[in-house]
Amino acid sequence: MVVTFAEEEVDRVAEGVVAEGDLPLLGQDPHATYRLGIMGGTFDPIHNGHLVAAEQALGDLGLDVVVFMPAGRPAFKLDKNVSSGEDRDTMTLLATSDNPHFLASRFEVDREGVTYTADTLELMRRMYPDNVELYFITGADAIADIVHWRDADRVASCARLVGATRPGYDLDHARANIAASPFAFDVTYLEVPALAISSSYLRDRVRAGQSLRYLTPEPVSGYIQKHGLYGVRHGRYES
Ligand code: DND
């Protein structure tokens, strides 16, 4: 099912005016089933690996829309130097703006305190009617770890999981961890075209004054340069 967004809804999303209101309107027809993909990430910065994985999930699982949700204060990175939620949200908005099936949401960025995926999914499960299925899209490496996430049982009960394979990643580890878990995880594994890209690789390139061309959408690399993220040295960075 194809979902089109009302003109004003798109405008509101683009302006970033709304908080919870920037999530898509789904579930209107009680006789239909809707599939909402949620791509959670630190997105520091967002890159083509994230976008390709989401696009693959969209097509393979027949999702209506994928919401990219930058983590607010990621629980697992409290000790790390993470760019501001505003910067990560803006880059996510820029990266997703040309795809009618992608949206960027401030749902976690605007939430107070440390953000846990279990809280996000439970809140969304309560917001949407039962005919909206939730699919949390993540890398297969994260799937292997998900059994250790905060309140993993709530994650399992609120959403299905989509594990995007990353090049060179051995799925056996993820499968074994899920199988050994006492919680009823429902996981679909996806073969994603080999994109050996990571956010840390992009940050390293910026620090070294190297181009991000073809690794992330141009507007994102422009934003990084303009705002001096990741130690951009003026005059050294080739966009
Ligand atoms: P990352 O920091 O790994 O995101 O966080 C992923 C999600 O897990 C976020 O929503 C977190 O809030 C959530 N999390 C993690 C740990 C604990 C808890 C929650 C908790 O609640 O206790 P990145 O920005 O690095 O990447 C985003 C996603 O994209 C990840 O799932 C990553 O595996 C995947 N990815 C790729 N997939 C395919 N090809 C590539 C990829 N690069 C990253 N090249």
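Look up a bit, the structure's there.
Note that the coordinates shown come from a computational prediction; the quantities given were computed from them, not determined experimentally.

Rules used throughout
- Residues numbered from 1 in each chain as written.
- Predicted model: local features only at pLDDT ≥ 70, side-chain atom pairs only at ≥ 80, totals over all residues.
- Helix = DSSP H or I, 4+ residues; strand = E, 2+ residues; numbered from the N terminus.
- Buried ≥ 20, exposed ≤ 12 C-beta atoms within 10 Å, placed from the backbone.
- Contact = placed C-beta atoms within 7 Å.
- Core = buried A, V, L, I, M, F, W, Y, C linked by C-beta atoms within 7 Å.
- Near = placed C-beta within 6 Å.
- Nonpolar A, V, L, I, M, F, W, Y, C, P; charged D, E, K, R; others polar.
- Pairing = 2+ DSSP bridges.
- Axes fitted to C-alpha atoms, helices over the stretch in contact; angles between N-to-C directions.
- Parallel < 35°, antiparallel > 145°, perpendicular 65-115°, else oblique.
- Right-handed = clockwise from strand over helix to strand, strands pointing away.

A. How the structure looks around the overall build of the chain. Counting its secondary structure elements, the chain contains 9 helices and 8 strands. Across the 239 residues that make up the chain, the buried fraction comes to 39%. Contacts spanning at least 24 positions in sequence make up 78% of the contacts within the chain whose residues lie at least 6 apart.

B. Spotlight on the nonpolar core. Counting residues in each nonpolar core, the largest one holds 56 residues, and the members touching the most others are Ala-54, Ala-57, Val-66, Val-67, Tyr-135 and Ile-137. When neighbours within four sequence positions are excluded, Val-66 is seen to be in contact with Gly-37, Met-39, Ala-54, Ala-57, Leu-58, His-101, Phe-102 and Ile-137.

C. Structural view of the site of the ligand. Near the ligand you find 27 residues, and of these Gly-40, Gly-41, Gly-49, Gly-139 and Trp-149 are the closest. Ranked by residues supplied to the shell around the ligand, first place goes to helix H2 (residues 48-61) with 3 residues. A breakdown of the residues in the shell around the ligand according to their chemical character gives 14 nonpolar, 10 polar and 3 charged.

D. Representation of the sheet that holds strand S7 (residues 160-164) within the structure. Sheet architecture is open: 6 strands sit in the order S4-S2-S1-S6-S7-S8, paired in parallel fashion. Edge positions in the open sheet fall to strand S4 (102-104) and strand S8 (187-190), since each of these has one partner strand only. Within the sheet, the average angular offset between the axes of one strand and its neighbour, ignoring direction, is 25°.

E. The packing of helix H3 (residues 85-96) against helix H9 (residues 218-226), seen in detail. Where H3 meets H9, the axes come as close as 8 Å, and the angle between the chain directions of the two elements is 155°. For the element pair H3 / H9, the angle class is roughly antiparallel. For the pair H3 and H9, contact is made by Thr-90, Met-91, Leu-94 and Ala-95 and by Pro-219, Val-220 and Tyr-223, respectively. When grouped by side-chain class, the residues that make up the contact of H3 with H9 number 6 nonpolar, 1 polar and no charged.

F. Just unusual backbone geometry, in detail. Cis geometry is adopted by the peptide bond preceding Pro-45, which originates at Asp-44 and carries an omega value of 0°. As for its placement among the helices and strands, Pro-45 is situated in the loop between strand S1 (34-41) and H2. A positive phi angle, close to 50°, is found at Phe-43, a residue other than glycine. Along the chain, Phe-43 falls in the loop between S1 and H2. In this structure Phe-43 comes out as buried when scored by C-beta crowding, with 24 C-beta atoms within 10 Å. At Tyr-214, a position not held by glycine, the phi torsion is positive, near 70°. Here Tyr-214 lies in the loop between helix H8 (199-207) and H9.

G. Local environment of the pairing of S1. The element S1 is largely enclosed, with a buried count of 8 among its 8 residues. Because side chains alternate across S1, one face comprises the buried residues Tyr-34, Leu-36, Ile-38 and Gly-40, and the other comprises Arg-35, Gly-37, Met-39 and Gly-41, equally buried. Bridge count for S1 against strand S2 (residues 65-70) is 6 bridges, and the pairing is parallel. From the neighbouring strand, Ile-38 faces S2, where its bridge partner is Val-67. For the crossover from S1 across H2 to S2, the handedness is right-handed.

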